[in-house]
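# Coordinates in review
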Amino acid sequence: MNEPKNIGQGLDRIDGLLKVTGAANYATDYKIKNVAYGVIFKSTIAAGEIATIDLSEAEKLPGILTIITHKNAPTLNVKGGIRGGALLQGPKIEFFGQHIGVVVAETFEQARYAAQLVKVTYRNGEGRVDFEKLAKEAELPKEKDKADKRRGDVDAAMSSSEVTIDAVYETPIEHHQPMEPHSTIAVWEGDKLTLYNGSQIVNGAQSAAAATLNIPPANVRIITPYIGGGFGSKGGQWANLVLTAVAAKMINRPVKLALARQQMFNSVGLRQKNVQRMRLAATKDGQLTALAHETVTHTASDAEFVEPCGDCSKLMYATPNSLITYRVFPMNVMLPTYTRGPGKSTGSFALESAMDELAHKLNMDPIELRIKNEPAKDPSNDKPWSSRTTVQCLQDGAKAFGWSKRNMKPGVTMEGDYLVGYGVAAGTYPARQRDTSALVKLSRKNNEVEAIVELAASDLGTGTFTILAQTAADALGIPMDKVAIVIGDSQLPPAAGSVGSVGAASFANAVNDGCIKITDELIAKSGKQFFKRPTAREMMLTEKLASFESRVDAKPPAEAENYSVHSFNANFAEVWVHKTTGTIKVQRMLAVTGAGKILNPKTARSQIIGGNVWGLGMALMEESVLDPRYGNFVTRSLADYHVPSNLDIGTIDTIFIDEDDKVPNKLGIKGIGEVGIVGVAAAIANAIFNATGKRVRDLPITPDKLI
Amino acid sequence: MRPFKYSKTSEASKAVSIVSGSPKAQFLAGGTNILDLMKEDVERPDQLVDITRLQINQVTTLASVGGKAGVKLGALGKNTEAANHPLVRQQFPVLSQAILAGASAQIRNMATNGGNLNQRTRCPYFYEVSMPCNKREPGSGCSALKGINRMHAIFGWSENCVAVHPSDMCVALAALDAKVEVQGAKGKRSIDFKDYHRLPGDQPEKDNTLEHGELITAIDLPGNSFNKSYYLKIRDRASYAFALVSVAALLETNGSTIRRASIALGGVAHKPWRAYEAEKFLAGKSATAENFRQAAELEMKQAKTLAHNEFKIELGVRAIVQALNQALES
Ligand SMILES: Cc1cc2nc3c(=O)[nH]c(=O)nc-3n(C[C@H](O)[C@H](O)[C@H](O)COP(=O)(O)OP(=O)(O)OC[C@H]3O[C@@H](n4cnc5c(N)ncnc54)[C@H](O)[C@@H]3O)c2cc1C
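Residues numbered from 1 in each chain as written. Chains lettered and ligands numbered in written order. Predicted model: local features only at pLDDT ≥ 70, side-chain atom pairs only at ≥ 80, totals over all residues. Heavy atoms only, no water.

## A word on the overall build of chain A
The helix and strand tally for chain A stands at 15 helices and 25 strands. For a compact globule of 707 residues, the expected C-alpha radius of gyration is about 27 Å, and chain A comes in at 26 Å, within 12% of that figure. In terms of overall dimensions, chain A has C-alpha extents of about 80 × 75 × 50 Å along its principal axes. Per-residue burial over chain A gives 63% buried out of 707 residues. (Helix = DSSP H or I, 4+ residues; strand = E, 2+ residues; numbered from the N terminus. Rg over C-alpha atoms; globule rule 2.2 N^0.38 Å. Buried < 20%, exposed > 50% of the residue type's maximum accessible area, 1.4 Å probe, protein only.)

Shown next, in the form of structure tokens:
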């Protein structure tokens, strides 16, 4: 391997300038000739059937090209991989705000106006939208990995142990709400379809669109070089993508369709509400004897998705008795889906709050309690850790944060009119590499060698372009500005997605493998022997080649399977709560992360800060409120659905543990996409308890819960 | 958005005559509220008369009544300018604080003083056009009464409407006994702030007592003898959120004695709610935490809560006490 010159450097994002100057094209920024505009209209009941749709007024308006409803929509394959239904295949309504039609017009304004003039009547069905009432119907999920996981006997340990915790933690429905709403341009040329569309999984979007439209994948091209955030909502694809293609086909013209911000609440998935019962049992000196994490949640009426809330609980702490269960019931709401740190962010709120409650009951430092129960191997499968940094994250963090200043006694530390508290929580996220191919193309002009690296990866805005350029530059011996990274196009070699924190590990290893492979091939082609392995650049120069290319199909190392491979972290928070009004200020947070090789400390830091900010939103403000009578979200815009504003965010510091673990993959990357949010809500809730003596077990923690 | 006619004028009388003569016409000022409502199909004017060119956008000194000069805010002045104007900051700091507690810097740069008074409720059922709402569609019913009503009224609501007025600025204006200067087809008049906004009663579609086509030309802030004041806003996040409860508190003190108090609450009623009970109690009392608490409790005793907003009573008490305390320190 070459000497790393770029990997490990905190370099600016190479796409940064394009973005701040507006030069980066997001899906609907492409200038397509003769484009028409689609606007979706939605159901205003949660369950039942459309009785009549009156389009007469809408159709009369100028500029209207077509109106698509279930009556004239083509037959689509509803099992083709588009999530969440709403493909206009019939009159049935499954949730409030389900798409029931698309107006296509010459201008956006004409389409939006016409959509408002469509008159729909319904035959109302019995809407299942009241979580509290329905929760008792919850059953074992169909998904195999949500089966009950039982070790030992939790009930027995609970009744025989000296100290126990038995508490229920609730997290509400949340929405991803990335900056860029889901939007698409569809262009047909004969039977070939091009879709400009923000897609976290480029090849996934391609296959889902093709299968749903009943056409071969080779006829569908996805273009998505820049994505304005996704947080899981652009991992799977939703009806809006395919309906844009349908509209374009029906009018035989390109169509652009962007969801309105308000439509984002019932179009592209959500994080489901979870009611989590935690039971912990321990000896007087803090040795865990039992840990049970039981989640009740809802899914959509016609498909199942269950967030893995027990994921942290199954492996964070050593305990002889353990129980992880899930129960789920259908509701007439949009299908839940992956949302940043699925199961881990929400589950860690329950687990790490309960650990804090236990520490308090034991009169023990919560860090000490965690370290005391550190498992030597993964308790869920007995595999050895490839590496585990929980203890170091907690200890280094405690030192950097000034944890020793924390008052063990809650509710007594004051600064002016504010009660001050410190909180801590630990977290984890699995690390994986997924199959990804990459094509490396070298070209030489005189003494200049340039590289183009192509793969169907995606950059959510996190820095994928940059880390891949760093990787390729080092592996080829070429300066970074002579490396072009081409991603976000399904015609490129297939790649994993920017999902599940696998992006960096999958893409960078594929690029690295590709660069090593092309170097090997150049050396072999020259027929020469070398004492010191030359770089690809040197080979191109000495062999005077004009161009050379090679493709690699990279796979994760097989022996990774024999280990439990995870990122680990610890979060610290200092929170001030106003003693009379209950107003909450998170003065500072610290995130300590052990995530293997950090390719770019600058983009990594941003990623962790982003996770912390979202964790703060989860702790203090994010909640999508469902009206249990009608199934509509009462929080219907970003004025009602609160995410943190600048003023809500104090100082955020990040520390990365220096880790060299080559088990997960050659470059030792574990992934930092999601671990940054895991544990944050609990750290803040624990700090609030330390400040006020009040334990809030249902998120978000708003001022009214503290008075 | 439905198509509408757009016109602009730099003459107040012309603007008034166009809107007065056309039942579905409306004024367009900063547009930060009306345009949003039109996109959502909540407001459906057939005509917008752009009044941003009217030259009534200055902050000026108001002739004194009984010794103290006041301030006149032109209706088309921007919220940002009003909040930062030295005359306002020096003489009516509570108004400056209230304006700056609202919305965001970008919105305040667009929003006008007149528009702020006439902004409409943020009740989500008012916005959800598929649902009954008496304010949007008289006679259709109130979805919030038995719905999700955490953000809704605890004072002065009726079975027909439990929405609250969302403005921060207006809470300070209520406490300051401002006067709304208006010009209509029938001439000019001046409306006391307490009579400007309405309680819903059986006409929740009417937010205020303006006649259709009447134009706000200015907001007058009469001089006063309050020497202490504070605006406190309690909300779900530190900025860019509407109030759970807010308090504009003004005190005229003589040593530790309160000669007079003026207190208005936001986020609790269909209009900025003057806490007359609390004011009456405090007059002549000494400025102690205990008296503040008793005054606040007295006021909140009249509250009638809904399913999800019971917390507003205790929060209201605490907010009044806190605001009075901070006023005292000002
Ligand atoms: C996201 C968001 C958050 C917000 N948060 C807050 C907040 O926390 N606190 C707060 O107080 N406000 C908040 N606002 C509201 C904001 O203050 C108002 O939208 C603004 O003050 C309206 O002023 P405008 O000039 O833009 O009015 P416009 O939108 O132009 O007009 C609003 C109404 O007033 C009428 N009107 C305007 N001028 C006159 C006049 N001179 N005479 C008669 N009628 C007139 C119009 O016809 C229209 O009906 C928020 C707004 C948004 C969008």
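## A look at the environment of Arg 261 of chain A
Residue and element names in this part refer to chain A. Mapped onto the fold, Arg 261 is located in the loop between β12 (255-258) and β13 (274-282). Counting along the chain gives 83 residues from Arg 261 to Pro 178, while the straight-line C-alpha distance between them is 9.7 Å. Setting aside residues up to four positions removed in sequence, Arg 261 forms contacts with Gln 177, Pro 178, Met 179, Pro 181 and Leu 638. A distance of 2.8 Å separates the side chain of Arg 261 from the backbone oxygen of Pro 178, its partner in a polar contact. (Contact = heavy atoms within 4.5 Å. Polar contact = N/O pair within 3.5 Å; in protein donor to acceptor, adjacent residues only side chain to side chain.)

## Observations regarding the sheet that holds strand β10 (residues 243-254) of chain B
For sheets, the rule is that strands pair by backbone hydrogen bonds, running either parallel or antiparallel. Residue and element names in this part refer to chain B. Strands sit in the order β9-β10-β11-β12 across an open sheet of 4 strands; the sheet is antiparallel. Two strands close off the open sheet at either side, each with one partner strand: β9 (228-235) and β12 (273-274). Looking at chain direction, β9 and β10 are connected through 8 bridges and run antiparallel. Note that in β10 the partner of Lys 228 across the bridge is Leu 251. The sheet contacts of helix α5 (residues 93-100) involve β9 and β10, and relative to β9 the element is tilted by about 15°. Helix-sheet contacts for helix α13 (residues 311-329) involve β9, β10 and β11 (257-266), and the interaxial angle to β10 is about 35°. (Pairing = 2+ DSSP bridges. Axes fitted to C-alpha atoms, helices over the stretch in contact; angles between N-to-C directions.)

## Some points on the pattern of salt bridges
Residues and elements named next belong to chain A. Taken as a whole and assessed by the stated rule, the structure comprises 72 salt bridges over all chains. Between Arg 695 and Glu 357 there is a salt bridge, with its nearest N and O atoms 3.8 Å apart. Of this pair, Arg 695 sits in the segment after α15 (680-692) while Glu 357 sits in helix α8 (residues 344-362), placing them 338 residues apart in sequence. Taking relative accessible area as the criterion, Arg 695 reaches 16% and is therefore assigned buried. Asp 513 is paired through a salt bridge with Lys 666; the nearest N and O atoms lie 2.8 Å apart. One end of the pair, Asp 513, is in helix α12 (residues 503-526); the other, Lys 666, is in the loop between β25 (649-656) and α15, and 153 residues separate them in sequence. For Asp 513, a relative accessible area of 13% gives the class buried. Each of Asp 356, Glu 357, Arg 695 and Arg 697 takes part in a single network of salt bridges with overlapping partners. (Salt bridge = Lys/Arg side-chain N within 4 Å of Asp/Glu carboxyl O.)

## What about the packing of aromatic side chains?
As enumerated under the stated definition, the model contains 17 aromatic pairs over all chains in all. On the basis of an interplanar angle of 35° and a centroid distance of 5.5 Å, the ring pair of Phe 401 of chain A and Phe 572 of chain A is categorised as tilted. Separated by 171 residues along the polypeptide, Phe 401 of chain A in helix α10 (residues 390-401) and Phe 572 of chain A in strand β23 (residues 564-578) bring together distant segments of the chain. Since its relative accessible area comes to 1%, Phe 572 of chain A is described here as buried. Ring plane angle 25° and centroid distance 6.2 Å describe the contact between Phe 193 of chain B and Tyr 196 of chain B, whose orientation is recorded as stacked. (Phe/Tyr/Trp six-rings, centres within 6.5 Å; stacked < 30°, edge-to-face > 60°.)

## Notes on the interface of chain B and chain A
With 33 residues of chain B at the interface, the matching set in chain A holds 34 residues. Regarding the contact of chain B and chain A, the summed buried area is about 2,900 Å², with carbon and sulfur atoms giving 56% of it. Scanning the region where chain B abuts chain A turns up 3 salt bridges. A salt bridge links Glu 40 of chain B to Arg 636 of chain A, with the nearest nitrogen and oxygen atoms 2.8 Å apart. Summed over the shared surface of chain B and chain A, the result is 13 residue pairs in polar contact (both at pLDDT 80 or more). Sort the elements by how many residues they give to the side of chain B that touches chain A and α13 of chain B lands first, with 5 residues. (Buried area = accessible area lost by both parts, 1.4 Å probe.)

## Focus: the site of the ligand
Residue and element names in this part refer to chain B. In the neighbourhood of the ligand, 33 residues make up the surrounding shell, with Phe 27, Gly 31, Thr 32, Thr 112 and Asp 168 lying closest. In this structure, Gly 31 approaches the ligand through a main-chain N or O atom, which is 2.7 Å from an oxygen atom. Within the side chain of Thr 112, one N or O atom sits 2.7 Å away from an oxygen atom of the ligand. Protein coverage of the free-state accessible area of the ligand, which is 980 Å², stands at 95%. Secondary structure elements with two or more residues in the shell around the ligand: β2 (25-28), α2 (34-39), α7 (113-118) and β8 (215-221). With 4 residues, the single largest contributor to the shell around the ligand is α7. Each residue belonging to the shell around the ligand can be placed in one class, and the counts come to 14 nonpolar, 14 polar and 5 charged. (Near = heavy atom within 4 Å. Areas by Shrake-Rupley, 256 points an atom, 1.4 Å probe, with all protein chains shown as cover. Nonpolar A, V, L, I, M, F, W, Y, C, P; charged D, E, K, R; others polar.)

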